[in-house]
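Structural overview for review
Spelled out from the first residue to the last, the chains are:
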Protein chains: 2
Amino acid sequence: MIVLGVDPGITHLGLGVVEAEEKGALKARLLHGEVVRTSHKEKAEARVGRIHARAKEALLAFRPEALAVEEQFFYRQNELAYKVGWALGAVLVAAFEAGVPVYAYGPMQVKQALAGHGHASKEEVALMVRSALGLKETPRPSHLADALAIALTHAFYARLGAAKPL
Amino acid sequence: MIVLGVDPGITHLGLGVVEAEEKGALKARLLHGEVVRTSHKEKAEARVGRIHARAKEALLAFRPEALAVEEQFFYRQNELAYKVGWALGAVLVAAFEAGVPVYAYGPMQVKQALAGHGHASKEEVALMVRSALGLKETPRPSHLADALAIALTHAFYARLGAAKPL
Ligand SMILES: [Mg+2]
C-alpha cells in the first residue's frame with residue numbers, strides 16, 4: 001500500500017511516500033521524502049502554487065492510494081492556523097485533481113499506531129518510524145519525519161479497516 | 001480594469017468580477033457573480049477542489065488583472081480560520097496558475113475606499129457597492145456583496161497606485 005504523508009506548513013511542508021506491507025508487523029519502504037520550503041519574501045500565491053505543484057508531482061509520480069495528514073490543533077494562533085490552512089488547501093486541490101482520497105489522524109492516534117500507546121514521546125515515535133522503514137538514522141528534518149509518521153499511521157489504520165477520512 | 005473579488009469561506013465562497021473605470025468617480029460594471037457552496041457531507045478534497053475549479057474558471061473566463069480578498073481576522077476560532085484557509089489556499093493555487101496577482105485589504109480599508117471613512121456601517125458600504133455598479137438592488141447574498149466590495153476596493157487603491165499585495 002503506497003501512502004503519501006504530508007506535514008502541512010507554509011514555510012516548511014513535509015512530503016513522505018512509503019510503500020507499506022499489506023500485513024504482518026508494520027514495515028514499509030521509503031520511496032520518497034522532501035520538504036517544500038517557501039519564504040515570506042515570495043508572493044503568497046507563488047508559495048501556495050509551488051506547494052500545490054510539488055504535492056501534485058509526488059501524487060502523479062508515486063500514485064499513492066491515500067494521502068494522509070495530521071489533524072492540526074491550534075491554540076491562540078489564528079494567523080498561523082489560517083496560513084497552514086492555505087498550504088493544506090493547496091494539497092487538497094492536488095489530491096482532488098489526482099483522485100487520491102485524504103485521511104487525517106490526531107497526535108494520539110499517531111502515537112497509538114506507531115508506539116502502541118497514546119503517551120509515547122516524540123523520540124519513541126521517531127524511533128518507530130526509523131525501525132518500520134528499516135533506516136539506519138532517524139529521517140531529518142523533523143517535517144519529513146512527521147510526514148513519514150503520518151503516512152505509516154494511515155497504513156496502520158487502513159490495514160485494520162479503520163482509515164479516517166479528513 | 002477587471003478585478004475578481006473573493007469572499008473566502010469553506011461553505012460559501014463569493015466570487016465577483018467587475019470592470020472598473022480607469023479614472024473619475026469609482027464606477028464599474030458587474031461582469032459576473034456567483035457563490036460556490038459546499039457541504040460538510042462532501043469529502044474535504046472535493047469541497048476544496050471545486051472551489052479551485054470555479055475560481056480558475058472565473059479567472060480564465062474574465063482574465064482579471066488582479067484578484068482581491070479581504071484580510072481575515074479571527075477571534076478564538078482556530079478551527080474556522082484553518083478551514084477558511086483551505087478555501088483561500090485553493091483560490092491562491094488558481095491565481096498562481098492563471099498568473100493573476102493577489103491583493104488584500106482590511107475591513108477599514110474597504111470602508112475608507114467605498115464610503116470615504118473608516119467607520120461606515122455595513123449598510124453604507126452595501127449602498128456604495130450598489131451605486132458604483134449602477135444596480136437597482138443591493139447584490140445578494142451577502143457573500144457576493146462582500147466579494148464585489150473587495151473587488152471595488154482593489155480598483156480604488158490600484159487607481160491611486162496603492163494596491164496592496166497579500
Ligand atoms: Mg512539522
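Just so you know, these numbers come straight off a predicted model, no measurement behind them.

Calculation criteria
- Counting from 1, residues in each chain are numbered in the order their sequence is written.
- Just so you know, chain letters begin at A and ligand numbers begin at 1, following the order they were written in.
- Local features in this predicted model are restricted to residues of pLDDT 70 or higher, and side-chain atom pairs are both shown and tallied only at a pLDDT of 80 or more, whereas totals for entire chains, interfaces and linings draw on every residue.
- No hydrogens and no water enter the side-chain calculation; it runs on all heavy atoms of the structure.
- Any N, O or S atom lying within 2.8 Å of the metal counts as a donor, with the limit raised to 3.2 Å for Na, K and Ca; because water is left out of the atom set, some sites can appear incomplete.
- Secondary structure follows DSSP: runs of H or I at least 4 residues long count as helices, runs of E at least 2 residues long count as strands, and numbering of each begins at the N terminus.
- Each residue is assigned to one of three classes by its accessible area relative to the maximum for its type, calculated with a 1.4 Å probe on protein chains only: buried under 20%, partly exposed between the two thresholds, exposed over 50%.
- In this analysis, two residues are considered to be in contact whenever any of their non-hydrogen atoms come within 4.5 Å of each other.
- Summed over both partners, buried area is the accessible surface (1.4 Å probe) that two parts give up on being assembled.
- Each reported salt bridge corresponds to a side-chain nitrogen of Lys or Arg within 4 Å of a carboxyl oxygen of Asp or Glu.
- Polar contacts here mean pairs of N or O atoms no more than 3.5 Å apart (in protein, one a potential hydrogen donor and the other a potential acceptor; neighbouring residues in sequence count only if both atoms are side-chain atoms).
- UniProt positions are given in the numbering used here, feature names are shortened, and annotations may be inferred rather than shown by experiment.
- Angular values range over 0 to 180 degrees, each being the angle between N-to-C directions of two axes fitted as lines to C-alpha atoms, with helices fitted over their stretch in contact.
- Convention used here: angles under 35 degrees read as roughly parallel, angles over 145 as roughly antiparallel, angles from 65 to 115 as roughly perpendicular, and any remaining angle as oblique.
- The sense of a crossing depends on the near helix, which, turned anticlockwise from the far helix by less than a right angle, makes the crossing left-handed and, turned clockwise, makes it right-handed.
- Three residue categories are used. Nonpolar comprises Ala, Val, Leu, Ile, Met, Phe, Trp, Tyr, Cys and Pro, charged comprises Asp, Glu, Lys and Arg, and polar comprises the others, including Gly.
- Cavities and pockets are found on a 1 Å grid laid over the protein atoms alone: a cavity is a set of points where a 1.4 Å probe fits but cannot escape, a pocket is an open set with protein on both sides within 12 Å along at least five of seven lines, and a lining residue has an atom within 4 Å of such a point.
- Grid points are joined across faces, edges and corners, and a volume is the space filled by probe spheres set on the points.

1. Side note on the coordination of the magnesium ion
All names here are of chain A. For the magnesium ion, the protein coordination sphere consists of Asp7 (OD) and His143 (ND1), at 2.2 to 2.7 Å. Of this pair, Asp7 sits in strand β1 (residues 2–7) while His143 sits in helix α5 (residues 142–159), placing them 136 residues apart in sequence. Overall, the relative accessible area of 13% leaves Asp7 in the buried class. Residue classification places His143 among the partly exposed positions, given a relative accessible area of 25%.

2. Examining the interface of chain B and chain A
At the junction of the two partners, chain B supplies 31 residues and chain A supplies 31 residues. It is Glu45, Asn78 and Tyr82 of chain B that lose the most area in chain B upon contact with chain A, and together they represent 29% of the buried surface on that side. If you look at where chain B meets chain A, you find 0 salt bridges. Summed over the shared surface of chain B and chain A, the result is 4 residue pairs in polar contact (both at pLDDT 80 or more).

3. Overview of the UniProt feature "binding site: Mg(2+) 2" (unreviewed entry) in chain A
Residues and elements named next belong to chain A. Here the UniProt-annotated "binding site: Mg(2+) 2" (unreviewed entry) positions come out as Glu70. Examined against the element boundaries, Glu70 turns out to sit in strand β4 (residues 66–70). For Glu70, a relative accessible area of 23% translates into the label partly exposed. Apart from residues no more than four positions distant in its own chain, Glu70 is found in contact with Val6, Tyr105, Pro107, Val110 and Ile150.

4. Remarks on the packing of helix α4 (residues 122–132) of chain A against α5 of chain A
All names here are of chain A. Between α4 and α5, whose axes approach to 10 Å, the crossing angle comes to 70°. Comparing the axis directions of α4 and α5 gives the class roughly perpendicular. Seen from above, α4 lies across α5 with left-handed handedness. Only Asp146, Leu148, Ala149 and Leu152 of α5 make contact with α4, whose side of the interface consists of Lys122, Val125, Val129 and Ala132. When grouped by side-chain class, the residues that make up the contact of α4 with α5 number 6 nonpolar, no polar and 2 charged.

5. Some details on the layout of surface pockets
Residue and element names in this part refer to chain A. Considered as a void within the structure, the largest pocket measures approximately 730 Å³ in volume. Lining the largest pocket are 32 residues, with Asp7, Glu70, Lys122, Ser142 and Asp146 sitting closest to its centre. When contributions to the lining of the largest pocket are tallied by element, the ones reaching two or more residues are α2 (78–98), α3 (107–115), α4 and α5. Per-element tally for the lining of the largest pocket: the top contributor is α5, with 6 residues. Residues that form the lining of the largest pocket fall into these classes: 16 nonpolar, 8 polar and 8 charged.

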